[in-house]
Amino acid sequence: MASLRKCWLLSRPFSSASASAALHSRGGNISSLSKGISKYSTASAIEEPVSPPVQVNYTELLINGQFVKAASGKTFPTLDPRTGDVIAHVAEGDSEDVNQAVAAARKAFDEGPWPKMPAYERQRILLRFADLIEKHNDELAALETWDNGKPFEQAAKIEVPMLARLMRYYAGWADKIHGLTVPADGPYHVQTLHEPIGVVGQIIPWNFPLLMYGWKVGPALACGNTIILKTAEQTPLSALLASNLLHEAGLPPGVLNVISGFGPTAGAALSSHMDVDKLAFTGSTSTGKIVLQMAAKSNLKPVTLELGGKSPFIICEDADVDKAVELAHFALFFNQGQCCCAGSRTFVHERVYDEFVEKSKALALKRAVGDPFKVGTQQGPQIDTEQFEKILGYIRSGVEDGATLEAGGGRLGNKGYYIKPTVFSNVKDDMLIAREEIFGPVQSILKYKDLDEVIHRANSTPYGLAAGVFTQDIDTANTLTRALRAGTVWVNCFDTFDAAIPFGGYKMSGHGREKGIYGLSNYLQVKAVVTPLKNPAWL
């Protein structure tokens with residue numbers, strides 16, 4: 001596979017040989033992972049799946065620093081998307097468990113040491129946590145792959161290191177959060193204080209469980225808040241291990257509580273809780289609307305939302321087609337296409353359209369699909385049967401609407417949730433596959449004539465999470481980056497993430513920004529303090 005131009009963590013080629021060497025250097029037990037994957041490999045269906053080199057040790061709720069069973073005693077299965085088999089049974093939290101977690105978080109905030117702790121001490125705990133993440137890199141990555149289906153190489157070389165980087169980034173901010181001295185008209189001393197907002201509810205999705213954990217937990221803890229985190233029911237395992245490591249690093253009890261469970265029960269209880277001061281949600285736009293309504297109807301708690309997308313990736317007429325094809329392929333197919341910011345509408349100028357389509361088809365046919373624990377796998381299974389069937393439904397609609405199916409178009413193998421990398425050409429704006437978020441390995445290629453046309457079409461969507469531009473002309477790049485209504489515009493790159501780069505959407509892609517300095521503002525209150533001055537020497 002060609003080099004992934006994703007960020008400083010993705011700057012190395014993702015080749016089978018280099019990945020194998022890197023994984024062996026960590027001492028992981030991967031001798032059985034050495035077989036390469038051929039195009040559209042059915043190894044996952046006809047061979048025994050690789051035995052994950054990790055054990056599941058944490059399946060209970062984490063409340064007040066202790067792992068406990070759900071109050072109801074209920075559990076639910078978390079499944080291996082390679083086979084549909086049960087990995088483990090996990091405690092099923094509901095409203096009673098949320099109440100207990102909120103009470104623990106409230107006590108830890110109002111009476112406990114975390115917000116009263118010197119910021120430097122909070123920093124040291126987060127730094128120790130980052131060290132422990134690195135120490136347990138392969139264990140965290142293996143749980144992520146087993147529970148989610150993403151390639152182990154991706155989890156081990158990109159996502160877990162990025163989690164450690166995020167924690168170090170926000171650890172660095174912990175003792176640098178401060179207000180201002182403000183000049184006023186008259187004899188007054190005015191200062192602003194930046195205070196932690198309080199008890200924070202956080203709901204994370206299943207596509208990047210560890211990274212979304214970091215995006216939420218890092219800034220909230222750096223600011224001195226306490227947390228109730230609800231994991232996605234599809235992927236509860238890695239957050240429990242990470243949270244245990246955080247307590248091993250010295251986090252006081254009650255500061256971070258983790259509830260595994262379902263949206264209509266645990267998620268609803270957290271969103272509508274009267275003693276939760278702030279809510280952060282990442283997920284679908286439809287669910288985000290429900291979360292926002294619940295927050296408003298309860299105590300009007302502020303909400304940050306990172307929601308869906310239908311991101312345009314614009315290939316201009318001056319593009320190097322080979323490079324553009326490679327980047328557009330990555331922009332869509334990365335993480336099985338299960339990215340909110342995926343470049344899922346590929347707009348290609350008419351002068352290079354036919355060449356682009358043929359080369360995109362050829363690249364999709366070469367994509368290595370198979371067991372995500374095997375070295376060289378580029379694409380694993382989709383997350384579960386619901387998402388699997390949803391994606392196949394969109395593929396059928398593309399065919400029925402008259403788009404040209406160039407590659408893929410169906411299931412791969414007969415076991416697990418594998419889908420062939422799919423490419424459609426001759427896609428029109430009014431087709432379902434061009435309008436709705438598919439969240440799967442389906443590339444839709446659309447033709448355009450000029451910049452004014454493509455700007456209008458790219459912006460004609462209720463979403464505005466991200467966009468991509470591929471051009472060699474600086475004027476074209478400047479025109480597009482300012483015209484596209486999206487929270488992130490990548491120029492001649494895509495999915496370039498860094499702890500310091502803010503991320504969030506316009507329109508129905510959400511409210512607020514995560515990561516960077518902007519992520520801190522989600523978890524802080526600003527207080528103005530005004531004191532009269534008597535006979536001041538100066539104002």
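Reading guide: rules and limits
Residues numbered from 1 in each chain as written. Predicted model: local features only at pLDDT ≥ 70, side-chain atom pairs only at ≥ 80, totals over all residues. Heavy atoms only, no water. Axes fitted to C-alpha atoms, helices over the stretch in contact; angles between N-to-C directions. Helix = DSSP H or I, 4+ residues; strand = E, 2+ residues; numbered from the N terminus. Parallel < 35°, antiparallel > 145°, perpendicular 65-115°, else oblique. Left-handed = near helix turned anticlockwise from the far one by under 90°. Contact = heavy atoms within 4.5 Å. Nonpolar A, V, L, I, M, F, W, Y, C, P; charged D, E, K, R; others polar. Pairing = 2+ DSSP bridges. Domains from an automatic or database assignment. Buried area = accessible area lost by both parts, 1.4 Å probe. Salt bridge = Lys/Arg side-chain N within 4 Å of Asp/Glu carboxyl O. Polar contact = N/O pair within 3.5 Å; in protein donor to acceptor, adjacent residues only side chain to side chain. Buried < 20%, exposed > 50% of the residue type's maximum accessible area, 1.4 Å probe, protein only. Lys, Arg positive; Asp, Glu negative; His and termini not counted. pLDDT = per-residue confidence, 0-100. Phe/Tyr/Trp six-rings, centres within 6.5 Å; stacked < 30°, edge-to-face > 60°. Lys NZ or Arg CZ within 6 Å of the ring centre and 35° of its normal. UniProt positions renumbered as here; feature names shortened; annotations may be inferred. Disulfide = S-S within 2.5 Å.

## Overview of the packing of helix α5 (residues 137-148) against helix α8 (residues 237-248)
Piece 1. In the contact formed by α5 and α8, the axes pass within 8 Å of each other and the chain directions differ by 160°. By the angle between their directions, the pair α5 and α8 is classed as roughly antiparallel. Judged by the sense of rotation from one axis to the other, the crossing of α5 with α8 is right-handed. Between α5, through Glu-139, Leu-140, Leu-143, Glu-144 and Asp-147, and α8, the contact on the second element is made entirely by Leu-237, Ser-238, Leu-241, Ala-242 and Leu-245.
Piece 2. Looking at the contact of α5 with α8, its residues break down into six nonpolar, one polar and three charged.

## Quick look at the sheet that holds strand β15 (residues 422-425)
Piece 1. The mixed open sheet is built from seven strands, whose spatial order is β14-β15-β16-β13-β12-β18-β19. Every interior strand has two partners, whereas the edge strands, β14 (404-407) and β19 (488-491), have only one. Between one strand and the next, the sheet's axes are offset by a mean angle of 25°, whatever the strand orientation.
Piece 2. Relative to β19, strand β18 (residues 466-470) is paired through four bridges, and the arrangement is parallel.

## Section: the domain arrangement of the protein chain
Piece 1. When cut into domains, the protein chain gives domain 1 (61-307 + 514-525) and domain 2 (312-498).
Piece 2. The centre of domain 1, based on its C-alpha atoms, is set 31 Å off from the matching centre of domain 2.
Piece 3. Taken together, the 28 residues of domain 1 in the interface contact 30 residues of domain 2.
Piece 4. Between domain 1 and domain 2, a total of about 2300 Å² is buried, with carbon and sulfur atoms accounting for 60% of that surface.
Piece 5. Three residues stand out in domain 1 for area buried against domain 2, namely Pro-81, Arg-82 and Trp-206, and they jointly supply 26% of the buried area on that side.
Piece 6. Our count for the contact surface shared by domain 1 and domain 2 stands at one salt bridge.
Piece 7. Salt-bridge contacts for Arg-82 lead to Asp-371; the nearest nitrogen and oxygen are separated by 3.0 Å.
Piece 8. At the junction of domain 1 with domain 2, the criterion picks out nine residue pairs in polar contact (both at pLDDT 80 or more).
Piece 9. Elements with a contribution of two residues or more to the side of domain 1 that touches domain 2: α5 and α6 (152-173).
Piece 10. Class assignment for the residues of the side of domain 1 that touches domain 2 results in eleven nonpolar, ten polar and seven charged.

## Focus: the side chain of Glu-92
Piece 1. Tracing the sequence through the fold places Glu-92 in the loop between β4 (86-91) and α3 (95-110).
Piece 2. It turns out Glu-92 is buried and unbridged, and the closest side chain with the opposite charge, Lys-74, is 5.0 Å from it.
Piece 3. Discounting residues that sit within four places of it in the chain, Glu-92 has contacts with Ala-70, Ser-72, Lys-74, Thr-75, Phe-76, Asp-97, Ser-260 and Phe-262.

## Some thoughts on the confidence of the model for the protein chain
Piece 1. Residues at a pLDDT of 70 or more form 91% of the protein chain, whose mean pLDDT is 92.
Piece 2. Throughout residues 1-46 the model reports pLDDT below 50, and contacts reaching past four residues in sequence, or to other chains, amount to 104 contacts.

## Some details on the packing of aromatic side chains
Piece 1. Scanning the model with the defined rule gives 14 aromatic pairs in all.
Piece 2. Ring geometry for Tyr-58 versus Phe-67: centroids 4.9 Å apart, planes at 25°, classification stacked.
Piece 3. Here Tyr-58 falls in the partly exposed class, since its relative accessible area comes to 24%.
Piece 4. When its relative accessible area of 23% is taken as the criterion, Phe-67 is described as partly exposed.
Piece 5. Taken together, the ring pairs connect Trp-215, Phe-313, Trp-490, Phe-494, Phe-497 and Phe-503 into an aromatic cluster.
Piece 6. One Lys or Arg, Lys-515, reaches over the ring of Trp-215 and ends 5.1 Å from the middle of that ring.

## Observations regarding the UniProt feature "domain: Aldehyde dehydrogenase" (unreviewed entry) in the protein chain
Piece 1. Annotation from UniProt places "domain: Aldehyde dehydrogenase" (unreviewed entry) at residues 67-529.
Piece 2. The span residues 67-529 is 40% helix and 20% strand, and its two end C-alpha atoms sit 41 Å from each other.

## Quick look at the UniProt feature "active site" (unreviewed entry) in the protein chain
Piece 1. Here the UniProt feature "active site" (unreviewed entry) sits at Glu-306.
Piece 2. The buried category is assigned to Glu-306, whose relative accessible area is 3%.
Piece 3. The residues touching Glu-306, leaving out its near neighbours within four places in the chain, are Met-212, Trp-215, Phe-281, Thr-282, Gly-283, Cys-340, Leu-465, Phe-503, Ser-509 and Glu-514.

## Details of the pairing of β15
The side chains of a regular strand alternate, residue by residue, between the two faces of the sheet.
Piece 1. Residues Thr-422 and Phe-424 point to one face of β15 and Val-423 and Ser-425 to the other, with burial holding for every one of them.
Piece 2. Alignment of β14 against β15, held across three bridges, turns out to be antiparallel. Counted as the bridge partner of Thr-404 is Ser-425 from β15.
Piece 3. Where β15 meets strand β16 (residues 442-448), three bridges bridge the pair, whose relative direction is parallel. Residue pairing for β16: Thr-422 is matched across the bridge by Val-442.

## Quick look at the pattern of salt bridges
Piece 1. Scanning all chains against the criterion turns up 19 salt bridges.
Piece 2. Of the charged contacts in the structure, one is a salt bridge between Arg-106 and Asp-110, with a shortest N-O distance of 3.5 Å. Remark: Asp-110 and Arg-106 occur in helix α3; sequence separation between them is four residues, near one turn of the helix.
Piece 3. With relative accessibility at 16%, the residue Arg-106 sits in the buried group.
Piece 4. The partner of Glu-121 in a salt bridge is Arg-124, with the nearest N and O atoms 3.5 Å apart. Here Arg-124 and Glu-121 lie together in helix α4 (residues 119-135), a separation of three residues that amounts to about one turn.
Piece 5. Since its relative accessible area comes to 36%, Arg-124 is described here as partly exposed.

## A word on the state of the cysteines
Piece 1. Summed over the entire model, instances satisfying the criterion amount to zero disulfides.
Piece 2. Considering cysteine sulfurs only, Cys-493 is the nearest to Cys-316, which forms no disulfide, with 14 Å between them.
Piece 3. Counting only cysteine sulfurs, Cys-340 is the nearest neighbor of Cys-341, a cysteine outside any disulfide, at a range of 4.8 Å.
Piece 4. On the basis of relative accessibility, which here comes to 4%, the residue Cys-341 falls in the buried class.

## Details of the sheet that holds strand β22 (residues 524-532)
Piece 1. Taken in spatial order, the three strands of this open sheet run β5-β6-β22, and their pairing is antiparallel. The open sheet has two edge strands, β5 (181-182) and β22, and neither has a second partner.
Piece 2. In the sheet, β5 pairs with strand β6 (residues 188-196) via two bridges, with the strands oriented antiparallel. Among the inter-strand pairings, Val-182 is bridged to a residue of β6, identified as Val-190.

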